[in-house]
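Summary of structural features
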Amino acid sequence: MLSDIIDVLADPADGTPLSGADDFTRLVSESGHSFDVARQGYVTLAAGAGLRHQGDSMEMVLARETFLSRGHFAPFVEAVTAGVHDALDDAAVPDTARPVIAEIGAGTGYYLSHTLDDVEGARGVGMDISVHAAKHLARCHPRVGAVVADVWERLPMRDTSVDAITVVFAPRNAAEFARVLTEGGQAIFLTADRGHLAELREPLGILDVEEGKIDRLLEQAAGHLAPVTEPELIEFPMTLDKESIAAQIGMSPSARHIEAGELARRIADLPETMQVTARAHVTRMGRA
Ligand SMILES: C[S@@+](CC[C@H](N)C(=O)[O-])C[C@H]1O[C@@H](n2cnc3c(N)ncnc32)[C@H](O)[C@@H]1O
């Protein structure tokens, strides 16, 4: 709930602290701005003219929920949670300190809720630009507060307020991450690698992950965040039926690039089940 993380949240325009008003139906900042809490429990924290784009559509969020609920990415979620544990251990943060874990581009909250189940007492900020995602985030875990915000803007969080940031296949803003992390805090990134979903690329006509993703992560973060360990490769086979394949494509940008009827025809031509590779790196970074 938002009340769990209110000590982390800040006015998106000027960074002043937010507090709950009228029984947490609004958040108000010290500078007098007011932000309504939606009936579904999330709050949109955007300055000025508001958000410039919408993020994942409702269809993409539902496809993501279908795919993830089948457990196909379980090794990824385990790796991200392990990364958060390592980060908290490195900073000697006990669970009893109610550490704050913020997931940016959090989607349905699958990763964040798993991590919060594992780090007893931790509190979660689930942030996404998509209102459809935020509706899921607001009910993904009792200790999550859901915020609609744009990662490319000033993040609506206070300086040095977050013990760990997780970013799973989502955009990142290293300068802002460095600002909101505690001194010993770390960001944990899961980035897809070339070869991820390789077996689906040709039959479905979807693009491969571009080369050098980790190098670009490190370059973009330079001066703000620095790696604390070597990136760790997570690679495993998944057995996917056609429904899972359709959900996987439906949750990705490919869904927007291939006409729906054509995509359905290509999926219908696939074998009943396929073994498909999942491949990504976990990179942990601290403040530079
Ligand atoms: C590929 S999805 C990953 C979702 C989730 N991390 C997962 O793996 O299940 C990318 C997410 O980033 C969100 N997103 C895209 N642009 C964003 C932005 N500028 N600020 C915040 N979130 C954004 C999308 O709405 C979407 O939920």
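Since this is a predicted model, take the numbers as computed values, not measurements.

**Brief notes about the overall build of the chain**
When helices and strands are counted, the chain shows 10 helices and 12 strands. Over its C-alpha trace the chain gives a radius of gyration of 19 Å, about what one expects of a compact globule, namely 19 Å for 288 residues. The dimensions of the chain, computed from C-alpha atoms along their principal axes, are 60 × 40 × 30 Å. Burial status across the chain gives 51% buried among its 288 residues. Long-range pairs, those at least 24 residues apart, make up 66% of the contacts in the chain with a sequence separation of at least 6. Element-wise, carbon and sulfur atoms account for 49% of the exposed surface of the chain, whose accessible area totals about 12800 Å². For the chain, the centre of its 25 positive side-chain charges and the centre of its 44 negative side-chain charges are spaced 4 Å apart.

**A short note on a negative patch on the surface**
A cluster of acidic residues, Glu78, Asp86, Asp89, Asp95, Asp117, Asp118, Glu120 and Glu232, forms a negative patch on the protein surface. Contributing elements (two or more residues each) for the negative patch: α2 (74-90) and α3 (110-118). Relative to the elements of secondary structure, Glu232 occurs in strand β11 (residues 232-241). The exposure class assigned to Glu232 is partly exposed, which follows from its relative accessible area of 45%.

**Some words on the UniProt feature "binding site: Zn(2+)" (unreviewed entry) in the chain**
Within the UniProt annotation, "binding site: Zn(2+)" (unreviewed entry) is assigned to His33. Looking at where His33 falls in the secondary structure, it is placed in the loop between β2 (26-29) and β3 (34-36). Setting aside anything within four residues of it in sequence, one finds His33 in contact with Asp11, Ala13, Asp14, Leu27 and Val28. Within the local environment of His33, its side chain forms a polar contact with the side chain of Asp11, the two groups lying 2.6 Å apart.

**Some points on the packing of aromatic side chains**
This model, assessed by the stated rule, comprises 7 aromatic pairs. Aromatic pair Phe67 and Phe73: ring centres 5.0 Å apart, planes at 75°, arrangement edge-to-face. Per residue, the accessibility class of Phe67 equals that of Phe73, and both read buried. Three or more aromatic residues joined by ring pairs make a cluster, and in this case those are Phe67, Phe73, Phe76, Phe169 and Phe236.

**Structural notes on the sheet that holds strand β1 (residues 18-21)**
Strand order in this open sheet of 3 strands is β1-β2-β3, and the pairing throughout is antiparallel. The open sheet has two free edges, formed respectively by β1 and β3, since each of these has just one partner strand. Strand-to-strand twist across the sheet, computed as the mean angle between neighbouring axes with direction ignored, equals 30°. Two elements, β2 and β3, share 3 bridges in a ladder whose sense is antiparallel. From the neighbouring strand, Leu27 faces β3, where its bridge partner is Phe35.

Cut-offs applied
- Residues numbered from 1 in each chain as written.
- Predicted model: local features only at pLDDT ≥ 70, side-chain atom pairs only at ≥ 80, totals over all residues.
- Heavy atoms only, no water.
- Helix = DSSP H or I, 4+ residues; strand = E, 2+ residues; numbered from the N terminus.
- Rg over C-alpha atoms; globule rule 2.2 N^0.38 Å.
- Buried < 20%, exposed > 50% of the residue type's maximum accessible area, 1.4 Å probe, protein only.
- Contact = heavy atoms within 4.5 Å.
- Areas by Shrake-Rupley, 256 points an atom, 1.4 Å probe, with all protein chains shown as cover.
- Lys, Arg positive; Asp, Glu negative; His and termini not counted.
- Charge placed at Lys NZ, Arg CZ, Asp CG, Glu CD.
- Patch = residues over 30% accessible without salt bridge, like charges linked within 9 Å, V, L, I, M, F, W, Y side chains within 5 Å.
- Salt bridge = Lys/Arg side-chain N within 4 Å of Asp/Glu carboxyl O.
- UniProt positions renumbered as here; feature names shortened; annotations may be inferred.
- Polar contact = N/O pair within 3.5 Å; in protein donor to acceptor, adjacent residues only side chain to side chain.
- Phe/Tyr/Trp six-rings, centres within 6.5 Å; stacked < 30°, edge-to-face > 60°.
- Pairing = 2+ DSSP bridges.
- Axes fitted to C-alpha atoms, helices over the stretch in contact; angles between N-to-C directions.

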